[in-house]
Amino acid sequence: MTSPATAHTATLAASSTPPLPRGKPEALGLSTPRLAAMSDAFKREIDKGNIPGVTVLVARRGEVAWFEALGRQSPVGAAPMTKDSIFRIFSMTKPIVSIAVMQLVEDGALLLDDALATFIPEFATQKVGVERDGRLDLVTPTRAITIQDLLRHTSGIGYEHIGAGPIQKMYLEAKLGSRKISNAEHARLVAGVPLLCQPGAAFNYSRSTDILGRVLEVVTGQTLGAVLHERVLAPLQMNETAFHTGPENASRLAEPFAKDPWSGEPVKLFDMLERPTMQSGGGGLTSTTMDYARFCQMLLNGGTLDGSRIIGRKTLQLMASNHLGAHVPADSYILPPGHGFGLGFAVRTHQGLAPFAGSVGQFFWSGIAGTFFWIDPTEDLFAVFMSQGPGQREHFRNLARSLVYAAVE
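Computed from a prediction, not measured in an experiment: that's the story for all the values here. (Residues numbered from 1 in each chain as written. Predicted model: local features only at pLDDT ≥ 70, side-chain atom pairs only at ≥ 80, totals over all residues. Heavy atoms only, no water.)

S.K.: Even after reading the chapter, I still don't get the overall build of the protein, so can you show me in this structure?
M.R.: A count of helices and strands for the protein gives 11 helices and 13 strands. For a compact globule of 409 residues, the expected C-alpha radius of gyration is about 22 Å, and the protein comes in at 20 Å, within 12% of that figure. Referenced to the eigenvectors of the C-alpha coordinate spread, the extents of the protein come out at roughly 60 × 50 × 50 Å. Per-residue burial over the protein gives 58% buried out of 409 residues. For the protein, long-range pairs separated by at least 24 residues make up 71% of all intrachain contacts whose partners lie at least 6 apart in sequence. Accessible surface, the protein: about 15700 Å² in total, of which carbon and sulfur atoms supply 53%. Side-chain charges in the protein split into 37 positive and 37 negative, and the spacing between the mean points of these groups amounts to 2 Å. (Helix = DSSP H or I, 4+ residues; strand = E, 2+ residues; numbered from the N terminus. Rg over C-alpha atoms; globule rule 2.2 N^0.38 Å. Buried < 20%, exposed > 50% of the residue type's maximum accessible area, 1.4 Å probe, protein only. Contact = heavy atoms within 4.5 Å. Areas by Shrake-Rupley, 256 points an atom, 1.4 Å probe, with all protein chains shown as cover. Lys, Arg positive; Asp, Glu negative; His and termini not counted. Charge placed at Lys NZ, Arg CZ, Asp CG, Glu CD.)

S.K.: For this particular structure, what's the right way to read the UniProt feature "domain: Beta-lactamase-related" (unreviewed entry) in the protein?
M.R.: The feature "domain: Beta-lactamase-related" (unreviewed entry), as given by UniProt, occupies residues 40-399 in the numbering adopted here. A distance of 12 Å separates the end C-alpha atoms of residues 40-399, which is 26% helix and 16% strand. (UniProt positions renumbered as here; feature names shortened; annotations may be inferred.)

S.K.: Whenever I open this one, the sheet that holds strand E12 (residues 372-376) confuses me. Can you help?
M.R.: Through backbone hydrogen bonds, the strands of a sheet pair up, either in parallel or in antiparallel fashion. Taking strand neighbours across the sheet as the criterion, the 7 strands line up as E2-E1-E13-E12-E11-E10-E9 in an open arrangement whose pairing is antiparallel. The sheet terminates laterally at strand E2 (63-71) and strand E9 (339-341), the two strands that pair on one side only. In this sheet, adjacent strand axes meet at a mean angle of 15 degrees when their direction is disregarded. With 3 bridges connecting them, E9 and strand E10 (residues 346-348) associate as antiparallel partners. Bridge assignment links Gly-340 to a residue of E10, and that residue is Val-347. Each of strand E1 (53-60), E2 and strand E13 (381-386) touches helix H2 (residues 32-47); the most contacted strand, E2, lies at about 20 degrees to it. Running at roughly 155 degrees to E13, helix H9 (residues 289-300) makes contact with E1, E2, strand E11 (363-366), E12 and E13 of the sheet. (Pairing = 2+ DSSP bridges. Axes fitted to C-alpha atoms, helices over the stretch in contact; angles between N-to-C directions.)

S.K.: What am I meant to see in the pattern of salt bridges here?
M.R.: Any two side chains of opposite charge can pair, on the condition that their charged atoms come close. Considering all chains together, one arrives at 18 salt bridges under this definition. Across the salt bridge formed by Arg-152 and Asp-149, the nearest N and O atoms sit 3.3 Å from each other. Residue Arg-152 and its partner Asp-149 are located together in helix H4 (residues 147-152), separated by 3 residues, close to a single helical turn. For the pair Arg-152 and Asp-149, a shared accessibility class is recorded, and that class is buried. Look at the salt bridges and you will find they share partners, linking Asp-84, Glu-240 and Arg-252 into a network. (Salt bridge = Lys/Arg side-chain N within 4 Å of Asp/Glu carboxyl O.)

S.K.: Teacher, can you tell me more about the pairing of strand E5 (residues 135-139) here?
M.R.: Consecutive side chains of a regular strand alternate in pointing toward one face of the sheet and then the other. Pairing of strand E4 (residues 128-132) with E5, which is carried by 5 bridges, proceeds in the antiparallel orientation. Bridge pairing links Val-130 to Asp-137 in E5. Linking two consecutive strands that pair antiparallel, namely E4 and E5, is a turn of 2 residues; a positive phi of about 55 degrees is found at Asp-133 within it.

S.K.: It is not clear to me how the packing of aromatic side chains should be interpreted in this structure. Could you clarify?
M.R.: Each pair of aromatic rings is reported with the distance of its centres and the angle of its planes. Scanning the model with the defined rule gives 15 aromatic pairs in all. Centre to centre, the rings of Trp-374 and Tyr-405 are 5.8 Å apart; their planes meet at 25 degrees, and the pair counts as stacked. With a gap of 31 residues between them, Trp-374 in strand E12 and Tyr-405 in helix H11 (residues 393-406) connect regions that are remote in the sequence. Accessibility expressed as a relative area gives 12% for Tyr-405, which makes it buried. It is Arg-88 that lies over the ring of Phe-270; its NZ or CZ is 5.8 Å from the centre. Looking at Arg-401, its charged tip hangs above the ring of Phe-356, at a distance of 3.8 Å from the centre. (Phe/Tyr/Trp six-rings, centres within 6.5 Å; stacked < 30°, edge-to-face > 60°. Lys NZ or Arg CZ within 6 Å of the ring centre and 35° of its normal.)

S.K.: Could you clarify how one ought to interpret the confidence of the model for the protein in this entry?
M.R.: Should pLDDT be low for a region, the predicted coordinates there are not to be read in detail. In this model, the protein carries a mean pLDDT of 95, and residues with pLDDT of at least 70 account for 96%. The low-confidence segment residues 1-14 (pLDDT under 50) makes 35 contacts with residues lying over four places distant or belonging to another chain. (pLDDT = per-residue confidence, 0-100.)

S.K.: What is the right way to read the side chain of Glu-45 from this model?
M.R.: By secondary structure assignment, the location of Glu-45 is in helix H2. Residue classification places Glu-45 among the buried positions, given a relative accessible area of 7%. Within the local environment of Glu-45, its side chain forms a polar contact with the side chain of Asn-50, the two groups lying 2.7 Å apart. For Glu-45, the contacting residues outside a window of four places in its chain are Asn-50, Ile-51, His-395, Phe-396 and Leu-399. (Polar contact = N/O pair within 3.5 Å; in protein donor to acceptor, adjacent residues only side chain to side chain.)

S.K.: Explain helix H6 (residues 183-191) to me, please; I cannot follow it from the model alone.
M.R.: Every α-helical turn comprises 3.6 residues, leaving residues that sit three or four positions apart pointing alike. Here H6 has its buried residues at Asn-183, His-186, Ala-187, Val-190 and Ala-191. Down the axis of H6, the buried side of the element spans an arc of 135 degrees, and every buried residue falls inside it. (Arc of directions from axis to C-beta.)

S.K.: Got a minute to help me understand unusual backbone geometry in this structure?
M.R.: Most peptide bonds take the trans form, and the phi angle of most residues other than glycine is negative. Positive phi outside glycine occurs at Asp-133, with the angle close to 55 degrees. By the element assignment, Asp-133 lies in the loop between E4 and E5.

S.K.: Help me understand the domain arrangement of the protein, please; the structure alone is not making it clear to me.
M.R.: Accessible area lost upon the coming together of the parts serves often as the stated size of an interface. As far as domains go, the protein holds domain 1 (25-98 + 222-407) and domain 2 (112-220). One C-alpha centre belongs to domain 1, the other to domain 2, and the line joining them spans 26 Å. Contact residues are listed per partner, giving 37 residues for domain 1 and 29 residues for domain 2. When the two sides are added together, the surface that domain 1 and domain 2 hide from each other amounts to roughly 2600 Å², 62% of it contributed by carbon and sulfur. Summed over the three residues of domain 1 that lose the most area to domain 2, namely Lys-94, Gln-222 and Met-278, the buried surface amounts to 22% of that side. Our count for the contact surface shared by domain 1 and domain 2 stands at 1 salt bridge. With a shortest N-O distance of 3.9 Å, Glu-274 and Arg-179 are connected by a salt bridge. At the junction of domain 1 and domain 2, the tally comes to 17 residue pairs in polar contact (both at pLDDT 80 or more). Only helix H3 (93-107) and helix H8 (224-233) provide two or more residues apiece to the side of domain 1 that touches domain 2. (Domains from an automatic or database assignment. Buried area = accessible area lost by both parts, 1.4 Å probe.)

See below:
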């Protein structure tokens, strides 16, 4: 029989999410004309046909200063984008899962230097793939993959869509992107593919957080959805975040163009109404702008929201610190210049270098379909941007950053 927690996270709940407090921009140190100019810029992008619609939320000093829904929810309908439209957040699932993992660390159920194979034995025999003269040699790892490696993407595990080498081809052949396999089967398949490099040797953005989702299941004896609901989503009252949504919410789904407006390539995203077998810790959640804003406000508050402590202040400080030392190459388009990676988030390490404004110490992540958030403790500010346009995601991330910081007084 399905437990209440499992049922809740299997289908996106019908109950609404409590809004965060609202404030006037000027009272929060933000410029109303500059925020209006930001909205105008997004409207121009919509008018040019670059995206069907977007939502943007900017909060500072504990209050929401700006929240707008612009354009259409879907390119094939007349319904406007709304503040409670539902989005595929893809890799913005990762920070939520990472918080749940660190909660287990706080409980003493895990240590960051625990070996992955302690929880999923199939990884004990995994080899490292080394390309030599056109062939792939398999060598023994010099050390075990740890929980910390998974959180900071130094495990040696990869992604099929990042790179085109023989190991990425093996990922494709294993059909690891299927939503019809279990989390346990997914982990077994990943363990059967060689690592891209020795554990700890390099940053490779990867399926590591999917594996962490399985670790959460093994340690707790619950489904990933139940773990996230019990430990993160319910305490934060993120009532509309789940691994799929029910038919009653069909009119609220944000959809992309059928073909990318820039490349002309088909755009294929998962069906939010379909119940997946795999609850992907790396990219399976659907959510709303206000739901994710509540998660962001908790992070900005140092781990609490509305009197509920989700994660310890020092634990979160550790997560939002750069965990890539000088010896760990991070030459990846995933990380902008002047940034490193922590335990579930990218972290800004330099005031300069990046082609957009920000503050040292801010942390963030995004989703491949066009969703994005960042937390700036220095400015006591966070922002959430939602859209469904994979090909335009980098453009809109940088546009949003520039426009929001232009409004900071």
